[in-house]
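So the chains spell out like this:
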Amino acid sequence: MAPPLAVVGPAVAAPTFRTPLPCRLWPWKLPSCCWRRAALPKDEDYYLIDADESIGDGFSFSGGKYGEGPSKSDEWFAQGKMVNAYAVYGDKGKAKDPFFGLTMGSGSQPSGDVFRWFCVEAGSSSNPKVLLIHGLPSQKFMSAGFGFSDKPQPKYGFDYTLHEYTASLESLVNAVVPDKFSIVVQGYFAPVAVKYASEHQDKLNHLVLVNPPITDKHVSLPSPLASFSNFLLGEIFSQDPLRASDKVLTSCGPYMMKEEDAMVYRRPYLVSGSSGFALNAISKAMKKDLKAYIESMRSILGSDSWKTKTTICWGMRDRWLSYDGVEEFFGGLNHKIVELPMAGHHAQEDRGEELGNIIKSILR
């Protein structure tokens, strides 16, 4: 419930629970992959190409199709499980789409009296526990989540507030990790993770923030995300898989991606309108409350009561969130800052192996 504040779809931002592997953190090959490497073989034909920073808002694409055969999305789903994440109280009725008032699919409805998050567990249970939470708009393929998580509609049990997100995250943590653990959170779901951490510092070993919105310059959503919050047009734009996935991913950093991977990000929008309406809902909520979320996060991290070990990893080619003021804020609090010169906003997608090794060294 991307980041979330979250994900490619946002609605229920869905995290993933991982335990680092002994020899290497989150390797590329399935089934144990989490964040994917950026060093791709040069002899393959890519659909998305590394864009020079001068391109500005990235590339725009057209085309693409949805195949009926097995896909990476199916492979991921087979590895994960649904976790009850948020209780729904009272009879909210069946969620209806904002266009025609038609009853929406099962993904937009609570399962009984709860909404659920999809998560994937991997690694050895003897290793330190790590909860990976992706940002907005992403999905489980970037760590795990949105593609298969429930996507509730506002006024039908989940209204995308900071309180609801934090309560959902607490429910998820209680279900999957009973002992101490660390959190790695990327992008716009960071305020939720920080609020949860402030209330449960005794459970945390370490908090790693990857390109979180934190300065006064970050209080406005970037235009590719803000477009989904527009009246009427937002509902239309959010139903376009290429605008909701390709355009968003390529507008915030220098990403390299194969066509088969791009199809995984598009798929939630191709199989159901629920994903698009969830993206529309979370974008509206974020546009309205992002400033308050950031102020809350700054207050928590700057308070004398904050004792959790905190590291900030920053992709320096982030086209959405400026680095100006980031070092000044976190450095003034004596939090460790690690810069990734060649990564963009979704650093785990762009420089996954590099970021994985950094996180492994931090948590050890």
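Coordinates for the structure precede this section.
It should be emphasised that the depicted structure is a prediction, and the values quoted were computed from it without experimental measurement. (Residues numbered from 1 in each chain as written. Predicted model: local features only at pLDDT ≥ 70, side-chain atom pairs only at ≥ 80, totals over all residues. Heavy atoms only, no water.)

Chemist: Just checking my understanding: could you explain the pairing of strand S6 (residues 204-210) for this structure?
Modeler: Within a regular strand, side chains alternate between the sheet's two faces. The buried fraction of S6 is high, at six of seven residues. The pairing of strand S5 (residues 181-186) with S6 spans five bridges and is classified as parallel. Paired with Val 184 across the bridge in S6 is Val 208. Handedness of the crossover joining S5 and S6 through helix H3 (residues 190-199) is recorded here as right-handed. Of the strand pairs in this sheet, S6 and strand S7 (residues 310-315) are connected by four bridges, and their pairing is parallel. The partner of Val 210 across the bridge, within S7, is Cys 313. (Buried < 20%, exposed > 50% of the residue type's maximum accessible area, 1.4 Å probe, protein only. Helix = DSSP H or I, 4+ residues; strand = E, 2+ residues; numbered from the N terminus. Pairing = 2+ DSSP bridges. Right-handed = clockwise from strand over helix to strand, strands pointing away.)

Chemist: How do you make sense of the nonpolar core when you look at a structure like this?
Modeler: Side chains that are nonpolar tend, in soluble globular proteins, to be buried together. Membership of the largest hydrophobic core comes to 64 residues, with the highest contact counts inside it found for Leu 169, Ile 183, Val 185, Tyr 188, Leu 209 and Leu 301. For this core, the element with the highest residue contribution is helix H8 (residues 274-302), accounting for 12 residues. Once you skip the residues sitting within four places of it in the chain, Leu 209 turns out to touch Val 185, Ala 190, Val 194, Leu 301, Thr 310, Thr 311, Ile 312, Cys 313 and Phe 330. Judged by nonpolar contacts, the second largest core, of 14 residues, contains Val 130, Cys 313, Leu 355 and Ile 358. (Core = buried A, V, L, I, M, F, W, Y, C linked by side-chain atoms within 4.5 Å. Contact = heavy atoms within 4.5 Å.)

Chemist: Please explain a nonpolar patch on the surface as it appears in this structure.
Modeler: On the surface, a cluster of nonpolar side chains totalling about 790 Å² of accessible area is made up of Phe 99, Phe 100, Leu 102, Phe 231, Leu 232, Leu 233 and Ile 236. Residue position: Phe 100 is located in the loop between strand S2 (80-87) and strand S3 (114-120). (Patch = residues over 30% accessible without salt bridge, like charges linked within 9 Å, V, L, I, M, F, W, Y side chains within 5 Å. Areas by Shrake-Rupley, 256 points an atom, 1.4 Å probe, with all protein chains shown as cover. Salt bridge = Lys/Arg side-chain N within 4 Å of Asp/Glu carboxyl O.)

Chemist: Before we go on, may I ask you to explain helix H6 (residues 241-251) in this structure?
Modeler: Residues spaced three or four apart along an α-helix point in a common direction, a consequence of the helix completing one turn every 3.6 residues. In terms of residue burial, H6 counts as a mostly covered element, since nine of its 11 residues are buried. For H6, the full list of buried residues reads Pro 241, Leu 242, Ala 244, Ser 245, Asp 246, Val 248, Leu 249, Thr 250 and Ser 251. On the buried face of H6, the contacting elements are helix H4 (223-226), helix H7 (259-271) and H8.

Chemist: Is there a simple way to think about the pattern of salt bridges in this case?
Modeler: A side chain of one charge can pair with a side chain of the opposite charge if their charged atoms are brought near each other. For the structure shown, the criterion picks out eight salt bridges. In this structure, the salt-bridge partner of Glu 199 is Lys 195, at a minimum N-O distance of 3.4 Å. Of the two residues, Glu 199 and Lys 195 both sit in helix H3, four residues apart, roughly one turn of that helix. Judged by its relative accessible area of 23%, Lys 195 is partly exposed.

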